[in-house]
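Examining the three-dimensional arrangement
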Amino acid sequence: MSRKGIHDQVTVVGMGCTKFTEHWDKSADDLMIEAAYEALQDAGIELKDVEAAWIGTMDSGYAGTTLSSALKSDYIPITRVENMCATGSEAFRNASYAVASGAYDVALVVGVEKLKDSGYSGLVMNASPGDGTAPNITAPASFSLLAPAYFHRYGLDTKQGKEVLSRIAWKNHANGALNPKAQYQKEMSMETIMNSPLIAAPLGVLDCSGVADGAAAAVIVRTEDSKKYREDPMYVKALSIAAGPGEGMLTQEFDFTSIRENVKAAEEAYKQAGIKNPRKEIDMAEVHDCFTPTELVIYEDLGFSERGEGWKDVQNGRFDLTGDLPVNPDGGLKSFGHPIGASGLRMLYEMYLQFQGKAEKRQLGDPKIGLTHNLGGYPWQCVSFISIVGKELS
Amino acid sequence: MKGILAYQVYLPHHRLAKEEVASFHGSYGGKGTKAVAHYDEDSLTMAVNASLPFRKRNPKAIYFASTTSPYQEKLSSVTISKALQLPASTRTIDYGNGLRAATNAFLSGLDAVEEGPVLLSMSDRRFTKPKSSLEDEMGAGAVSFMLGEGTGVIAELIASAHISSDTVSQWRTSTDVFIRQWEDRFVAHAAAEAVIACANEVLSTAEIALDEVDHVVISGPSQKLSINLTKALRVDSKQISAMKDNTIGHLGTANGPLMVSKVLSESKPDQKILWLQVGDGCDGLVLKTTEELTSYQSDHPLSYSESTANESVSYSEYARWYELFEVDEGRRPGAPTPSAPALKRNQEQNIGLVGSKCESCGQNYFPKQRVCVKCHQRDEMTPFSLQGKKATVATYTVDYLASCVSPPSIFAVVDFEGGSRMLAQVTDCKPEDISIGIEVEFSFRKLYEAGGIHNYFWKVVPKRGDHHES
């Protein structure tokens, strides 16, 4: 664990986010330019004011020149960051610490992914050369390993379990329907979700996040400078990331009803932010609902629900927009779509809008503390990121 | 005394009905089925699976016989040797280019047993052109023999003879996929000529008459012609009980050995077997069972077993598995070419199924590790084999999206006796056959071919019988 967290040292003073969708007529450059300029304008600054930048993308470009080439920035330091599906969050974390250190006063973070030019369905990653014996398992299948294990441990039959998972997708679709930037702005009935074509049993296509193109961006400054830019910045209270050694697929203790990296990242983030009871103290969360069983175990890993109780909280609506702890108010990866490098920043974007009262139809009462959770990898081995952000200095 | 010490048959899990083949082509078919290889099986994988029980018998040589080796140039016997974790000094020899590869390898193997036991594996997955007369009877399977000398012999070689005949009857060019065959009646005529001459020769060497033979095994160019040859030779129908199977089909080089194995599983000591192997002539062998056979049979009830193998498949499944037509690969990437250096670095692990054990805390791993995830000791690992370890499913998934010739792909998190765990592909399994807690066992399979490289590895299958090492 870190000795010293980020607690309130930096703030976000500008954000931008493109619509997430199949952008057939836009390139990765187009998306980066749109998100970056929206964030710069929102912060009331120009590109020349940016002293350093981070670009997060899993596969839509290599090196910092991915961003400098699009923006034509003037020889400032730019670092390209990759941490699988947590790439956008990782870019944000690196920029935050650079600003906190005093090395730079103003940093720009951009996350982008252009998935739909590949011609493939679903997510495809470039593997390093190897012996080629790793199982050819897809992302939905690797996360669906959680489902039978969870059902088995807590005594849910397949139908009950499927209902719980569908209820999560139902909620995220309902939230996304209220979001003009979401990929899928459409409510889905429980029946439609439960009967959607199987992708990785028991998961159907509607248990899976949307495959989309998109970009999101943030401008970060130190807290003491933030009022120069705006009255209502978003305060960064905790940033944690845990990279697992992979014991989940090496030893038999791991039972696939939890993701250890989530638990470790949450412990660290709560410590940095001084949170004792996440179920009560967190007002809203954006979590990595890549597939519905992931969101279910996240509730328990992050302490939003007791172990074995997450499925009941799903059924009683605790995480709905109108519930005690709304999760994925913007529709989540499920409905907003999942352009890998952009997703972590998109989650922060929703926090930012909610704090500023700009979330329109999905605006929550008056949230003060929000959490974003972003995961890259597999249930048995991943990087898990958590941020805690707030409306006020604490 | 030289001869067979042990035998093991490996048959694929799936059967294709002759009626199904005929119905696909719009005609009427006969009764019976043939064994078909799953999409991830070839001659080499089946040979490994048939040879696994002999891992601990320390063969000094591996002989592999097949007309359908996965490579034109690259030895399969070497991979079998590696899969059995045998030392690199083990002799490795491949035989091919015709059905008599089986008897050639058998006799050469017996010539070599003075230096130690020889493991001989005969395996074929034969390809026939759709609608050809051979299509509904050319099967797939493997038989392995341990050959040796001395007291352990269960069937002793009494005599052998050879007749060669340079006849164009059944053949393939170096680039042909499908077997070519001349008109049936000519093929039957040429084969009969060789079989009769060879039988006379070998019986005279053995100094016995045909009616003194207890079991006759004739492996001809096809099942139908093999039966015709018994008539040409005027064999009594009670001598050919092992030839009457109608479920497995013709197994190529493994065809004669399959029938010999059946005889060995059913016969008594001191019985004589005449094995006539056709192919550019004929090889004839007379074997005599020994007193050892009785105890071998009771100790190894599954050396010859068809029990696990009876799932029927449609012609369309068969056609996909045998790549009889080109299918769209879908909007997913194909398998990348495996890296040759990486294959070499990991061959003990991937082909031998050897992981590692932490000598500091006792935790086992597959794949092998350098640093222990439990006690964090570095380089305290020793090799640890997973072969034969009890394995159960911790959780699983049925993947409909993964690119696969036989979808859906099933993957399971498998926990092994001894504490290790791996994510394994489950094969020969339907979605309804998988659940948490079931026992599975390893089967050697081909993952895919890319860049001209067949990538072999282990998958798991639901445990269906009580296989044990012998």
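Sequence order sets the numbering: in each chain, residues are counted from 1 along the sequence as written. Following the order in which they are written, the chains are lettered starting with A and the ligands numbered starting with 1. Given that this is a predicted model, residues contribute local features only at a pLDDT of at least 70 and side-chain atom pairs are listed and counted only at 80 or more, while totals for whole chains, interfaces and linings are drawn from all residues. Each side-chain value is derived from all of the structure's non-hydrogen atoms; neither hydrogens nor water enter the calculation.

1. Some details on the overall build of chain A
What chain A contains, in helices and strands, is 13 helices and 11 strands. For a compact globule of 394 residues, the expected C-alpha radius of gyration is about 21 Å, and chain A comes in at 19 Å, within 12% of that figure. When each of the 394 residues of chain A is scored for burial, the buried share is 64%. Within chain A, residue pairs in contact and separated by at least 24 positions form 78% of the contacts whose partners lie at least 6 positions apart. Here the Shrake-Rupley method, with its probe set to 1.4 Å, supplies the accessible areas, and only the displayed protein chains count as covering residues. For chain A, the exposed surface amounts to about 14,000 Å²; the carbon and sulfur share of it is 50%. To qualify as a helix, a DSSP run of H or I must reach at least 4 residues; to qualify as a strand, a run of E must reach at least 2; elements of each kind are numbered from the N terminus. To get the radius of gyration, use the C-alpha atoms; to get the globule rule, take the number of residues to the power 0.38 and multiply by 2.2 Å. Accessible area is worked out with a 1.4 Å probe on protein chains only. A residue is then buried under 20% of its type maximum, exposed over 50%, and partly exposed in between. Working rule for contacts: check all heavy atoms of both residues, and any pair within 4.5 Å makes them a contact.

2. With respect to the domain arrangement of chain B
Many descriptions give the size of an interface as the accessible area lost when the pieces come together. All names here are of chain B. Each domain's extent is set by a domain assignment, obtained either automatically or from a database. Along its sequence, chain B is carved into domain 1 (2–321) and domain 2 (340–462). Taking only C-alpha atoms, the centre of domain 1 and the centre of domain 2 are 31 Å apart. Contact with domain 1, which involves 23 residues of that partner, is made by 26 residues of domain 2. In short, buried area is how much 1.4 Å probe accessible area vanishes from two parts on joining, totalled over both. Roughly 2,100 Å² is buried in total at the junction of domain 1 and domain 2, and carbon and sulfur atoms are behind 49% of that figure.

3. Details of the pairing of strand β8 (residues 234–243) of chain A
Residue and element names in this part refer to chain A. Buried residues dominate β8, accounting for 8 of its 10 residues. Looking at chain direction, strand β1 (residues 10–17) and β8 are connected through 2 bridges and run antiparallel. Counted as the bridge partner of Val-12 is Met-234 from β8. DSSP calls a pair of strands paired once it identifies at least 2 bridges connecting them.

4. Some words on the pattern of salt bridges
Take a side-chain nitrogen of Lys or Arg and a carboxyl oxygen of Asp or Glu: if they are within 4 Å of each other, that pair is a salt bridge. For the structure shown, the criterion picks out 46 salt bridges over all chains. Here A:Glu38 makes a salt bridge to A:Lys181, at a shortest N to O gap of 3.2 Å. You can see A:Glu38 sitting in helix α1 (residues 28–43) and its partner A:Lys181 sitting in the loop between α6 (158–176) and α7 (190–194), a full 143 residues away along the chain. For B:Asp176, the salt bridge goes to B:Arg180, with nearest N and O atoms at 2.6 Å. Of the residues examined, B:Arg180 reaches a relative accessible area of 40% and is grouped as partly exposed. One salt-bridge network, in which partners are shared between bridges, spans A:Asp105, A:Arg222, A:Glu224, A:Asp225 and A:Lys228.

5. Comments concerning the interface of chain A and chain B
The partner chain B presents 39 residues to the 37 residues of chain A that form the contact. Together chain A and chain B conceal approximately 3,200 Å² of surface at their shared face, both sides included; 60% is due to carbon and sulfur atoms. Three residues, A:Asp131, A:Leu250 and A:Gln252, lead the burial of chain A against chain B; their summed loss comes to 21% of the area buried on that side. In this assembly, chain A and chain B are joined by 1 salt bridge. Across the salt bridge formed by A:Glu253 and B:Lys374, the nearest N and O atoms sit 3.0 Å from each other. Mapped onto the side of chain A that touches chain B, the elements with two or more residues apiece are α4 (139–144), α5 (146–154) and β5 (198–201) of chain A. Per element, the largest residue contribution to the side of chain A that touches chain B is 4 residues, and it comes from β5(A). A breakdown of the residues in the side of chain A that touches chain B according to their chemical character gives 21 nonpolar, 13 polar and 3 charged. Gly falls in the polar group here, along with every residue not listed as nonpolar (Ala, Val, Leu, Ile, Met, Phe, Trp, Tyr, Cys, Pro) or charged (Asp, Glu, Lys, Arg).

6. Focus on helix α2 (residues 43–51) of chain B
All names here are of chain B. Within α2, 9 of the 9 residues are buried, which leaves the element mostly enclosed by the surrounding structure. For α2, the complete set of buried residues consists of Ser-43, Leu-44, Thr-45, Met-46, Ala-47, Val-48, Asn-49, Ala-50 and Ser-51. The N-cap of α2, judged by a side-chain oxygen 2.9 Å from the amide nitrogen of Leu-44 a few residues on, is Asp-42. Within 3.5 Å is the distance limit for a polar contact, defined as a pair of N or O atoms, with the added protein rule that one can donate a hydrogen and the other accept it, and that residues adjacent in sequence qualify only through two side-chain atoms.

7. Considering the packing of aromatic side chains
Residues and elements named next belong to chain A. Stacked, tilted and edge-to-face pairs are distinguished by plane angle, under 30 degrees for stacked and over 60 for edge-to-face with tilted covering the rest, among Phe, Tyr and Trp rings (Trp via its six-membered ring) whose centres lie within 6.5 Å. Applying the stated criterion across every chain yields a total of 22 aromatic pairs over all chains. Measuring from ring centre to ring centre gives 6.5 Å for Phe-304 and Phe-319, while their planes differ by 40°; the resulting arrangement is tilted. Here Phe-319 lies in the loop between α11 (310–315) and α12 (332–336) and Phe-304 lies in the loop between α10 (292–301) and α11, a separation of 15 residues in the sequence. With respect to class, Phe-304 is no different from Phe-319; both count as buried.

8. Here's the deal with the packing of helix α3 (residues 87–100) of chain A against helix α13 (residues 340–355) of chain A
All names here are of chain A. At a minimum axis separation of 5 Å, α3 and α13 run at an interaxial angle of 65°. It follows from the interaxial angle that α3 and α13 lie roughly perpendicular. Contacts from Thr-87, Gly-88, Ser-89 and Phe-92 of α3 reach α13 at Gly-341, Gly-344, Leu-345 and Leu-348. For the contact of α3 with α13, the per-class residue count stands at 3 nonpolar, 5 polar and no charged. An axis is simply a line fitted to the C-alpha atoms; with a helix, the fit covers only the stretch in contact. Between two such axes, the angle follows the N-to-C directions and lies from 0 to 180 degrees. The labels follow the angle: roughly parallel below 35 degrees, roughly antiparallel above 145, roughly perpendicular from 65 to 115, and oblique for the rest.

9. A look at the sheet that holds strand β3 (residues 33–36) of chain B
All names here are of chain B. Ordered by their spatial adjacency, 3 strands build an open sheet running β3-β2-β14, and the pairing between neighbours is mixed. Only two strands of the sheet have a single partner each, and these edge strands are β3 and β14 (311–313). Geometrically, the sheet is characterised by an average inter-axis angle of 45° between neighbouring strands, direction not taken into account. With 4 bridges joining them, strand β2 (residues 14–17) and β3 adopt antiparallel strand pairing. Paired with Ala-17 across the bridge in β3 is Thr-33.

10. Describing the domain arrangement of chain A
Residues and elements named next belong to chain A. When its domains are assigned, chain A resolves into domain 1 (10–117 + 212–234) and domain 2 (139–209 + 236–390). Taken together, the contact pairs 45 residues of domain 1 with 36 residues of domain 2. Summed over both partners, the interface of domain 1 with domain 2 comes to about 3,100 Å²; 68% of that surface belongs to carbon and sulfur atoms. Ranking the residues of domain 1 by area buried against domain 2 places Phe-20, Cys-85 and Met-234 at the top, with a combined share of 25%. At the surface where domain 1 touches domain 2, the tally comes to 1 salt bridge. Where domain 1 packs against domain 2, one counts 15 residue pairs in polar contact (both at pLDDT 80 or more). Those elements that place two or more of their residues in the side of domain 1 that touches domain 2 are β1, α1, α3, β4 (106–113) and β7 (214–222). By residue number, the principal contributor to the side of domain 1 that touches domain 2 is α3, which donates 8 residues.

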